[in-house]
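Tertiary structure, described
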There are 2 protein chains.
Amino acid sequence: MIPQATLSKLRSIVGKENFLDSPEDKISYSYDGTPLLKQLPDGIAIPRSVEHIAQILKLANEDGFAVVPRGSGSGLSGGSVPVENSIVLLMNQWNRILEIDRQNLAVWVEPGVITATLHEATEALGFLYPPDPGSSTICTIGGNVAENAGGLRGLKYGVTKNYVLGLEVVLPNGDIVMTGGKSVKDVAGYNLKDWLVGSEGTLGVITRVLLKLIPKPEASKTMLVFYDKLSDSAETVSDIIASKITPAALEFLDNTTIKCVEDYAHLGLPTTIQSLLLIEVDGRPSVVEEDAAKIIELCKKHNAREVRVAANAQEALKLRTARKAAFSALARVRPTTILEDATVPRSEVAPMLERIESIASKYNLTFGNFGHAGDGNLHPTCLTDERDTAEIHRAEKAFDEIFTEAVKMGGTITGEHGVGLAKMRFLEKSAGDVAIDMMRRIKQSLDPNGILNPGKIFSLKPRCEGPMPKNQEQVKKFLEMGAFT
Amino acid sequence: MIPQATLSKLRSIVGKENFLDSPEDKISYSYDGTPLLKQLPDGIAIPRSVEHIAQILKLANEDGFAVVPRGSGSGLSGGSVPVENSIVLLMNQWNRILEIDRQNLAVWVEPGVITATLHEATEALGFLYPPDPGSSTICTIGGNVAENAGGLRGLKYGVTKNYVLGLEVVLPNGDIVMTGGKSVKDVAGYNLKDWLVGSEGTLGVITRVLLKLIPKPEASKTMLVFYDKLSDSAETVSDIIASKITPAALEFLDNTTIKCVEDYAHLGLPTTIQSLLLIEVDGRPSVVEEDAAKIIELCKKHNAREVRVAANAQEALKLRTARKAAFSALARVRPTTILEDATVPRSEVAPMLERIESIASKYNLTFGNFGHAGDGNLHPTCLTDERDTAEIHRAEKAFDEIFTEAVKMGGTITGEHGVGLAKMRFLEKSAGDVAIDMMRRIKQSLDPNGILNPGKIFSLKPRCEGPMPKNQEQVKKFLEMGAFT
């Protein structure tokens, strides 16, 4: 527990109206979008200036408490779940778009701007900010940068890190640093900006973000394709890539997910199909027509039962809903939804889906599968109930095997959600001691007292070095629930 | 000087045929592509395995000497110039392309592969590795990664870091780490791979590189456009970007450079024009035609004297030569060529060129200007003579002003060459104490004894903390030559 004297100091930094510590407030900020993880913070600070943040971090070093930055809390790896002896640093009110620079195709935003809000504002001016996480209507740019969020347009347009031109960040010691800028090329010293992207709030608090825009594609075409066999859809994906077409989206849903989506959104999807692909091409009108025609030909060659092509933007939105609703639709079926993001090289998507299916059946679990087929980023999703300890135990064994398979196939344990608390143990298994040691040394060099989002990604000390730090206890408890120790 | 006992140990690690220390060898490796910098190494080690490198780095920590990795030595910031008490670690014989994975659009290479060799090998299979530094026929991939090299295709395709999927690296303590992989999305822990790209050989020795390929564009069109006024060419560039066309190359040459190129390569360029643009568009044939037509229209609107369009690949090569020959052509004029890469947001290209011109005239210097107009990456090039101390002194004053202007305009002191030794002092002025301190702490955490390419990018210790480390002496000497101290 943070002592009252320290809480008083926090209150005087941000003003008492910006410091919350009622039981209701603490409960509201004790969890994020990740199932099974929960920890009460000792308070919630809403900073109103960069200086407030600097003062809070300095105080954290002096008085010895942890600071956990948070945007919308929509993360899926526990990155913004509080740790013991911590306060939440709530950034979602930093929500202004500060400048749209049309000449340099760049936009300055505060970290609390909702991703979809940025999409709307920039598209209205003829630009596109490509990263498009599934949670775009609720997640924030700050969270996207901290987790290096991916999304539906990754295959063609890349992920968040490809669009971060500059950052203003408060470092763990309270120093304020501005890194990067509007020059597209910049190699002046270590890439501090690129180092902070994806560091999951452990190396700095993001206070301003400069993002790159691109010209909005002139045209696009959206298709939904139905298959009686999953392997046919996988072969279509391979064939599209081999034909050197790069769709803006190339997404798939399996039968379980399709049935849930239809039950939830009533889109008229045939529930007997084994898989569907959502394919979107964009660019110049002539190319879009050529690509769409070629793709339809490939779908038919691989025995597609039906290809639905959107005639207009409204129909495209409806087709896209089939994919966008996947998570929400699956989440309705059972009380607990564990959505993961095991990722493999794109050549391994079909074998990986087969392995997931056989693992699910081995442990007698219901899995829905969907995801970004074009870039190998899958979302195996276990529909379960956290009150059923035995089933949760089996689910954890299943995910353990799934991650092991992904790594074996040259893939990774997380394509776009981050490690946070939820996947720490897997990272320690998959990245190897040398890489973890390197991460630990860098964290130690920038945050020697471990005050900024500690105990995320990796444990602060190697396991053999004496007792686990206090704020690791909850992680340990969680890990011990499974068969992992 | 490294003691003989240590040199013997080095000889026994790599085999005596792979350790060079004759006076001739030491002289050959005492400089790189950067003017004015020179330092004899105590020997040159040619490692034949990753284990050799690990052993050398461990020995460096034990016996206390510095290791300077080197590929072709074509760098322009002194990144591979030896420091005192150092050996050169020569990697240019690691030149195999290990695997081209057509399904996952990825290629594994050793760091000594010449960039142009990789271009040829992948283009023959219908793929493109976009980064295209001006020195592509001599520079190595390892050097490109270490410097995060840019090049002619940066505007449309980005720079080296956008294509590095994975790295095998020997860390300063001799540990070997493999980071990244064929998954396009990967957020498992800190981005070690992205941290190493652009770290200028100070954080690890690169031993294998996994690069991303893209499908080779089906068509391209190359144009050379002549202008009587520099401002007309600058306005054409702005107008092309505003029209939402993204050329693969958008390069410019000023009158001094044009005259030198014509004198050198006899391409039939009119030497009275004030500037020329080399413009290349690529993609699907229909789009290439549309874009080229639109661009020609914009050039004419802005008073282009002539637009030459290549009718075929051979003619395109000839037009491209006008730009590719710029550095070599300027280098013939006077004994010493100082080529810099001050970079500004693209909206500032025209004002920056004006500033450079007035600074050159203030200090009575001959400057040629050329560069990547599309991404703001300029190459102000001073034609001088290092034996003329007074003129060199004036040149350094001029560059000081040029860098100050670039930073003032929201740009950077280096767009694609790196900091190395040549721009350390400017980095310390432009990045600010907080950023430098952060870099220093990270370097210290990974290389506590400062054995790997020390004294590059930033001094290892803040100036106030006691005497300058020994291997900084040469930097100090160089800096004192100018008016900078």
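Scope of this entry: the structure provided in the associated data block. Keep in mind it's a predicted model, so treat the numbers as computed, not measured.

1. Structural notes on the sheet that holds strand β4 (residues 86–90) of chain A
Taken together, the four strands give an open sheet; going across it, the order is β1-β2-β4-β3 (chain A), and neighbouring strands pair in mixed fashion. Two strands close off the open sheet at either side, each with one partner strand: β1 (19–20) and β3 (66–70) of chain A.

2. Brief notes about helix α14 (residues 389–408) of chain B
Residue and element names in this part refer to chain B. Helix length check: α14, at 20 residues, gives a terminal C-alpha distance of 29 Å against a target of 28 Å (1.5 Å per residue), a fit within 8%. Along α14, the positions that sit buried rather than exposed are Glu391, Ile392, Ala395, Glu396, Ala398, Phe399, Asp400, Ile402, Phe403, Glu405 and Ala406. Within two residues after α14, Gly410 carries a phi angle of roughly 85°, on the positive side.

3. A few points about the interface of chain B and chain A
You'll often see interface size given as the accessible area lost when the parts meet. Across the contact, 79 residues belong to chain B and 79 residues belong to chain A. Taking both partners together, chain B and chain A bury about 6,400 Å²; carbon and sulfur atoms supply 57% of that area. Area buried by chain B at its contact with chain A is led by Lys185, Val187 and Tyr190 of chain B, which between them contribute 15% of it. For the interface between chain B and chain A, the tally reads ten salt bridges. Residue Arg284 of chain B pairs with Glu290 of chain A through a salt bridge whose shortest N-O separation is 2.9 Å. Here chain B is connected to chain A by 31 residue pairs in polar contact (both at pLDDT 80 or more).

4. Digging into unusual backbone geometry
Residues and elements named next belong to chain A. Non-glycine residue Leu105 carries a positive phi angle of around 50°. Looking at the secondary structure, you find Leu105 in the loop between β5 (97–101) and β6 (106–109). Positive phi, close to 70°, is recorded for Ile457, a residue that is not glycine. Within the fold, Ile457 resides in the loop between α16 (433–446) and α17 (473–481).

5. Things to note about the packing of helix α8 (residues 230–242) of chain B against helix α10 (residues 285–301) of chain B
Residue and element names in this part refer to chain B. It is at 9 Å that the axes of α8 and α10 come closest, and there the two elements cross at 145°. Crossing of α8 against α10: the hand is right-handed. Contact with α8, carried on its side by Thr236, Asp239 and Ile240, involves Ile295, Leu298, Cys299 and Lys301 of α10 and no other residues of that element. Of the residues assigned to the contact of α8 with α10, the class counts are four nonpolar, one polar and two charged.

6. Notes on the sheet that holds strand β14 (residues 275–283) of chain A
Backbone hydrogen bonds hold the strands of a sheet together, and the pairing may be parallel or antiparallel. Residues and elements named next belong to chain A. With respect to topology, seven strands assemble into an open sheet ordered β15-β12-β14-β13-β17-β18-β16, the strand pairing being antiparallel. Looking at the sheet topology across the chains shown, the edges are occupied by β15 (304–309) and β16 (336–339). On average, each strand axis in the sheet is tilted by 15° relative to the strand beside it, whichever way the strands run. As defined by bridge partners, strand β13 (residues 249–254) adjoins β14 across six bridges and the pair is classed as antiparallel. Its bridge partner being in β14, Glu251 is matched across the sheet by Leu278. Across the face of the sheet, helix α14 (residues 389–408) comes into contact with β16, β17 (366–372) and β18 (377–384) while running at roughly 165° to β18.

7. Some details on the relation of the copies chain B and chain A
Overlaying chain B on chain A yields an RMSD of 0.0 Å, the required transformation being a rotation through 180° with an accompanying axial translation of 0.0 Å. Expressed as an axis order, the relation between the two copies is that of a two-fold axis. Interface residue correspondence from chain B to chain A reaches 100%, placing this contact among same-surface, isologous pairings.

Scoring rules and cut-offs
Each chain has its residues counted from 1, running along the sequence as written. As they are written, the chains are lettered A onward and the ligands numbered 1 onward, keeping that order. Per-residue local features are limited, in this predicted model, to residues with pLDDT of at least 70; the limit for side-chain atom pairs, both in listing and counting, is 80 or more; totals at the level of whole chains, interfaces and linings are taken over all residues. As a convention, hydrogens and water are excluded, and side-chain values are obtained from all of the structure's heavy atoms. A pair of strands is treated as paired once DSSP finds two or more bridges between them. We count a stretch as a helix when DSSP gives it H or I for four or more residues in a row; a strand needs E for two or more, and each element gets its number in order from the N terminus. By this rule, a helix spans an expected 1.5 Å times one less than how many residues it contains. To sort residues, take the accessible area from a 1.4 Å probe on protein chains only and compare it with the maximum for the residue type: under 20% means buried, over 50% means exposed, and anything in between is partly exposed. In what follows, residue pairs with any heavy atoms lying within 4.5 Å of each other are defined as contacts. Buried area: the sum, over both parts, of the accessible surface (1.4 Å probe) that disappears when the two are put together. Should a side-chain nitrogen of Lys or Arg be within 4 Å of a carboxyl oxygen of Asp or Glu, the pair is scored as a salt bridge. For this analysis, a polar contact is any N or O atom pair within 3.5 Å, provided that within protein one partner can donate a hydrogen and the other can accept it, and provided that sequence-adjacent residues contribute only side-chain to side-chain pairs. The angle between two axes is taken between their N-to-C directions and runs from 0 to 180 degrees, where each axis is a line fitted to C-alpha atoms and a helix contributes only its stretch in contact. Left-handed describes a crossing whose near helix is turned anticlockwise from the far helix by less than a right angle; the clockwise case is right-handed. Put simply, Ala, Val, Leu, Ile, Met, Phe, Trp, Tyr, Cys and Pro go in the nonpolar bin, Asp, Glu, Lys and Arg in the charged bin, and everything else, Gly too, in the polar bin. Copy-to-copy superposition: least squares on the C-alpha atoms, limited to residues that have pLDDT of at least 70 in both copies.

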